[in-house]
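# Coordinate inspection notes
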Amino acid sequence: MLNIVLFGPPGAGKGTQANLLIERYGLLHLSTGDILRREIANKTQLGLEAKKIMDEGSLVPDEVVIGMIESKIELNLFCNGFIFDGFPRTKAQAVALDNLLKIKGTCISVMLSLKVQDEELIRRLISRGKDSGRSDDQDEEIIANRINEYNNKTAPLKQYYSFHEKFQEIEGVGSINDISHRLNKVIDSL
Ligand code: AMP
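Quick caveat, the model's predicted, so the values are computed rather than measured. (Residues numbered from 1 in each chain as written. Predicted model: local features only at pLDDT ≥ 70, side-chain atom pairs only at ≥ 80, totals over all residues. Heavy atoms only, no water.)

### Regarding the overall build of the protein
If you tally the helices and strands in the protein, you get 9 helices and 5 strands. Listed N to C, the secondary structure of the protein is β-α-β-α-α-α-β-α-β-α-α-α-β-α in terms of helices and strands. Taking 16 Å as the expected radius of gyration for a compact globule of 190 residues, we find that the protein reaches 16 Å, a close match to that expectation. Structurally, the protein occupies a C-alpha span of about 40 × 40 × 30 Å along its principal axes. (Helix = DSSP H or I, 4+ residues; strand = E, 2+ residues; numbered from the N terminus. Rg over C-alpha atoms; globule rule 2.2 N^0.38 Å.)

Structure, rendered in C-alpha cells:
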C-alpha cells in the first residue's frame, strides 16, 4: 500500500493537493476535518460535541479522531492506500496511526509536508472563507488559534516522522500544478 500523510498548517493546500493525488495514485482520501463536518451536517452526537471545539479552532480529543480513522481503515483495507489529510495532528494520533497500520500489515510510506508562511496562510484562509462558508475560515481570531494549535501540537510531528525517516518537506507556494509536480516527484522516487 502507498500510505501518505499529507501535512501542513491550515490553508497549506492539503485538500486541493489530496484531490490530485487521489486521481493519480488511486488512493482513498481520509480527511478528519471532512468527516467531522459530515457528522455536524448529520447532527450526530459526535458532531454536536465536535462543533463547539471546531468553532473555537481548537483540536477535537485524540480518542475521537483516532476512533474515526480506525473504522475508516477497517472498512477500506483493500484499497491501493490512504491519503491522511489533517490527521495525525498530535503525537498520540501519530503513534496510534502507526499501530493501526502495523496491525494491518502496512505502514506510512511518507509524510509530505507543505511549507507556507503564516501571512500567506491567513490570506488564503480568509479568501477561502468567503467562498466555502466555513465559519472557522471567516474569523481572524479563530484562524490565529488554529495556526497556534498547529505550531504547538502538530508541527512537532515533523520530528517524529524525520526520526522514522519518512519526512519530506515541499515548498507549498506556487501554482497548484507546480506544487503537484513537486509532490509527484517525491512519491515517484519512493
Ligand atoms: P481541517 O478541515 O483539517 O482544517 O479541520 C477543521 C477542524 O476540525 C480543526 O480545526 C479541528 O478542530 C478539527 N480536526 C480535524 N482533524 C483533527 C484531528 N486530526 N485532531 C483534532 N482535531 C481535528
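### Some words on the pattern of salt bridges
Enumeration according to the criterion identifies 13 salt bridges in this entry. Note that Arg-134 is salt-bridged to Asp-136, the shortest N-O span being 3.0 Å. The class for Arg-134 is buried, based on a relative accessible area of 19%. Assessed through its relative accessible area of 10%, Asp-136 is described here as buried. Glu-149 serves as the salt-bridge partner of Lys-153, at 3.0 Å between the closest nitrogen and oxygen. Of this pair, Lys-153 and Glu-149 both sit in helix H7 (residues 140-154), 4 residues apart, roughly one helical turn. (Salt bridge = Lys/Arg side-chain N within 4 Å of Asp/Glu carboxyl O. Buried < 20%, exposed > 50% of the residue type's maximum accessible area, 1.4 Å probe, protein only.)

### Considerations on the sheet that holds strand S4 (residues 110-115)
With parallel pairing, the 5 strands of this open sheet are ordered in space as S2-S3-S1-S4-S5. Lying at the two open borders of the sheet, with one neighbouring strand each, are strand S2 (28-31) and strand S5 (167-171). Neighbouring strand axes in the sheet, compared pairwise and without regard to direction, differ in orientation by 20° on average. By the bridge criterion, 3 bridges tie strand S1 (residues 4-7) to strand S3 (residues 82-85) in an arrangement that is parallel. Of the residues in S3, the one forming a bridge with Leu-6 is Asp-85. The strands that helix H1 (residues 14-25) touches are S1, S2, S3 and S4; relative to S3, the one it contacts most, it runs at about 175°. (Pairing = 2+ DSSP bridges. Axes fitted to C-alpha atoms, helices over the stretch in contact; angles between N-to-C directions. Contact = heavy atoms within 4.5 Å.)

### Some details on the site of the ligand
In the vicinity of the ligand lie 16 residues, with Thr-32, Arg-37, Ser-58, Gly-86 and Arg-89 positioned nearest. One nitrogen or oxygen atom from the main chain of Gly-86 is found 2.9 Å from a nitrogen atom belonging to the ligand. Within the side chain of Gln-93, a nitrogen or oxygen atom sits 3.0 Å from a nitrogen atom of the ligand. Burial of the ligand by the surrounding chains reaches 96%, relative to a free accessible area of 480 Å². For the shell around the ligand, the per-class residue count stands at 6 nonpolar, 5 polar and 5 charged. (Near = heavy atom within 4 Å. Polar contact = N/O pair within 3.5 Å; in protein donor to acceptor, adjacent residues only side chain to side chain. Areas by Shrake-Rupley, 256 points an atom, 1.4 Å probe, with all protein chains shown as cover. Nonpolar A, V, L, I, M, F, W, Y, C, P; charged D, E, K, R; others polar.)

### Some thoughts on the nonpolar core
One finds Ile-69, Ile-73, Phe-84, Leu-97 and Tyr-161 to be the most contacted residues of the largest nonpolar core, which totals 29 residues. Among the secondary structure elements, those contributing two or more residues to this core are S1, helix H2 (32-41), helix H3 (45-56), helix H4 (62-75), S3, helix H5 (91-103) and helix H8 (157-163). Sequence-distant contacts of Phe-84, that is, excluding residues within four places in its chain, are made with Asn-3, Ile-4, Val-5, Leu-6, Leu-30, Ile-69, Ile-73, Leu-97, Leu-101 and Ile-108. Membership of the second largest hydrophobic core comes to 22 residues, among which are Leu-6, Leu-27, Ile-143 and Ile-179. (Core = buried A, V, L, I, M, F, W, Y, C linked by side-chain atoms within 4.5 Å.)

### Points about the side chain of Asp-136
When you line up the elements, Asp-136 lands in the loop between helix H6 (118-132) and H7. A polar contact is formed between the side chain of Asp-136 and the side chain of Arg-134, at a distance of 3.0 Å. When neighbours within four sequence positions are excluded, Asp-136 is seen to be in contact with Met-54, Ile-142, Ile-143 and Arg-146.

### A look at the packing of H4 against H5
Close contact between H4 and H5 brings their axes to 10 Å; oriented N to C, the two are set at 25°. On the basis of the axis angle, H4 is roughly parallel to H5. In this structure, the crossing between H4 and H5 has a hand that is right-handed. Contacts from Asp-62, Val-65, Ile-66, Ile-69, Glu-70 and Ile-73 in H4 reach Ala-92, Gln-93, Ala-96, Leu-97, Leu-100 and Leu-101 in H5. Within the contact of H4 with H5, the residues separate by chemical class into 9 nonpolar, 1 polar and 2 charged. (Parallel < 35°, antiparallel > 145°, perpendicular 65-115°, else oblique. Left-handed = near helix turned anticlockwise from the far one by under 90°.)

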